[in-house]
Amino acid sequence: MQTVAVIDYGMGNLHSVSKALERVGAGRVLVTSDASVIREADRVVFPGVGAIRDCMAEISRLGFDSLVREVSQDRPFLGICVGMQALMEHSEENDGVDCIGMFPGKVRFFGKDLYEDGEHLKVPHMGWNEVAQSVDHPLWHDIPNNARFYFVHSYYIEAGNPRQVVGRGHYGRDFAAALADGSRFAVQFHPEKSHTHGLQLLQNFAAWDGRW
């Protein structure tokens, strides 16, 4: 049976992620902060919620910045929400925070004065939103284009390499909802909270060989 390591650095919604992975039959799901267990896993999930400064402080303290770079190179790897943002180069949050730098690009604040067609939009962006698939990636298998996923975020991804953007969202402005590079895939939304389509994405991740 394959193993899926869900990285625990104290800043993720680990219970719901692990339960969703178990529900789709992903294999033996291990919520762990043990680097050796993470290195031995067949697949790795990197979730995250909360403030990026606190997340990066714990990631750096535990040495998970270099560990994430290492394990994401040779096996399927999935970043979720703040876990995705932590993979970028830099975030505007908390007066600016340097991140892991696995994907080129920055994390930007939506702003307090965000409007769409004259309507003031609340920040954080919280709720269901369509994701347009810009690349035919294996993790989109059996998920229709413009399917709706659940988001909770005040900051959005401004990708440095447009070719890595495999899913796009829009909330007052366009943003990268999903990024991919080799065996790495990352999403701004919460698949574990996105019902049928979110569970399908996790099932696809469980079956993915890391190539596309």
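What counts and how
Residues numbered from 1 in each chain as written. Predicted model: local features only at pLDDT ≥ 70, side-chain atom pairs only at ≥ 80, totals over all residues. Heavy atoms only, no water. Pairing = 2+ DSSP bridges. Helix = DSSP H or I, 4+ residues; strand = E, 2+ residues; numbered from the N terminus. Axes fitted to C-alpha atoms, helices over the stretch in contact; angles between N-to-C directions. Contact = heavy atoms within 4.5 Å. Salt bridge = Lys/Arg side-chain N within 4 Å of Asp/Glu carboxyl O. Buried < 20%, exposed > 50% of the residue type's maximum accessible area, 1.4 Å probe, protein only. UniProt positions renumbered as here; feature names shortened; annotations may be inferred. Arc of directions from axis to C-beta. Polar contact = N/O pair within 3.5 Å; in protein donor to acceptor, adjacent residues only side chain to side chain.

**Student:** I tried to follow the pairing of strand β13 (residues 165-170) on my own but got confused; where do I start?
**Tutor:** Looking at chain direction, strand β10 (residues 125-133) and β13 are connected through two bridges and run antiparallel. Bridge pairing in β13 links alanine 132 to arginine 168. Of the pairings in the sheet, the one linking β13 to strand β14 (residues 174-181) comprises five bridges and is antiparallel in character. In the strand pairing of β14, valine 165 is matched with leucine 179. Hairpin connection of β13 to β14: three residues between the antiparallel strands, including glycine 172 at a positive phi of 80°.

**Student:** I would appreciate a short explanation of the sheet that holds β13 in the present structure.
**Tutor:** Note: strands within a sheet are paired through backbone hydrogen bonds, in either parallel or antiparallel orientation. Here we have nine strands laid out as an open sheet, ordered β2-β1-β3-β4-β15-β14-β13-β10-β11, and mixed in their pairing. One side of each edge strand has no neighbouring strand; the edge strands of this open sheet are β2 (28-32) and β11 (147-153). Taking the axes of each pair of neighbouring strands and ignoring which way they run, one obtains an average angle of 25° across the sheet. The pairing of strand β4 (residues 77-80) with strand β15 (residues 184-187) spans four bridges and is classified as parallel. Bridged to isoleucine 80 within β15 is valine 187. In this fold helix α6 (residues 195-207) packs onto β1 (3-7), β3 (43-46), β4, β10, β11 and β15, with an angle of close to 140° to the strand it touches most, β3.

**Student:** What is the right way to look at the pattern of salt bridges in this model?
**Tutor:** Between side chains of opposite charge, pairing is possible as soon as their charged atoms come close. One pass over the full model with this rule turns up eight salt bridges. Two residues, arginine 39 and glutamate 70, come together in a salt bridge whose shortest N-O distance is 2.9 Å. With arginine 39 in helix α2 (residues 35-40) and glutamate 70 in helix α4 (residues 64-71), the pair connects residues that are 31 residues apart, well separated along the chain. Since its relative accessible area comes to 40%, arginine 39 is described here as partly exposed. One network of salt bridges, in which partners are shared, links Glu92, Arg108 and Glu158.

**Student:** Hey, could you run me through the sheet that holds strand β7 (residues 105-109) in this one?
**Tutor:** Pairing in this open sheet of four strands is mixed, and the strands run β6-β5-β7-β12 from one edge to the other. For this open sheet the edge positions go to β6 (97-98) and β12 (155-159), each flanked by a neighbour on one side alone.

**Student:** Please clarify how the UniProt feature "domain: Glutamine amidotransferase" (unreviewed entry) in the protein should be interpreted in this entry.
**Tutor:** UniProt feature "domain: Glutamine amidotransferase" (unreviewed entry): in the numbering of this structure it lies at residues 6-205. As a span, residues 6-205 carries 25% helix and 34% strand, and end to end its C-alpha atoms are 13 Å apart.

**Student:** Just to check I follow, could you spell out helix α3 (residues 52-62) for this structure?
**Tutor:** Structurally, the α-helix is built with 3.6 residues per turn, so residues lying three or four positions apart point the same way. Along α3, the residues that are buried comprise Ile52, Cys55, Met56 and Ile59. The buried residues of α3 occupy an angular sector of 90° when projected down its axis, which confines them to one face. Against β3, α4, α5 (82-85), β5 (90-91) and β6 lie the buried residues of α3. At the exit of α3 stands glycine 63, carrying a positive phi of roughly 75°.

**Student:** Please explain the side chain of asparagine 204 as it appears in this structure.
**Tutor:** Structurally, asparagine 204 can be placed in helix α6. Judged by its relative accessible area of 7%, asparagine 204 falls in the buried class. Only 3.0 Å separates the side chain of asparagine 204 from the backbone oxygen of leucine 139, close enough to count as a polar contact. Ignoring any residue separated from it by four or fewer positions in sequence, one finds asparagine 204 in contact with Pro138, Leu139, Trp140, His141 and Ile143.

**Student:** Help me understand the UniProt feature "active site" (unreviewed entry) in the protein, please; the structure alone is not making it clear to me.
**Tutor:** Those places that UniProt annotates as "active site" (unreviewed entry) correspond, in this numbering, to Cys81, His190 and Glu192. In terms of the greatest pairwise C-alpha distance, the residues named above, spread along 112 residues, form a tight cluster of at most 10.9 Å across. By the secondary structure assignment, cysteine 81 is in the loop between β4 and α5. Among the structural elements, glutamate 192 can be located in the loop between β15 and α6. According to the relative accessible area criterion, glutamate 192 is buried, its value standing at 13%. Not counting chain neighbours up to four residues away, the residues in contact with glutamate 192 comprise Asn13, Ser16, Val17, Ala20, Ile80 and Leu202. Of the polar contacts made by the side chain of glutamate 192, one reaches the side chain of histidine 190; its length is 2.8 Å.

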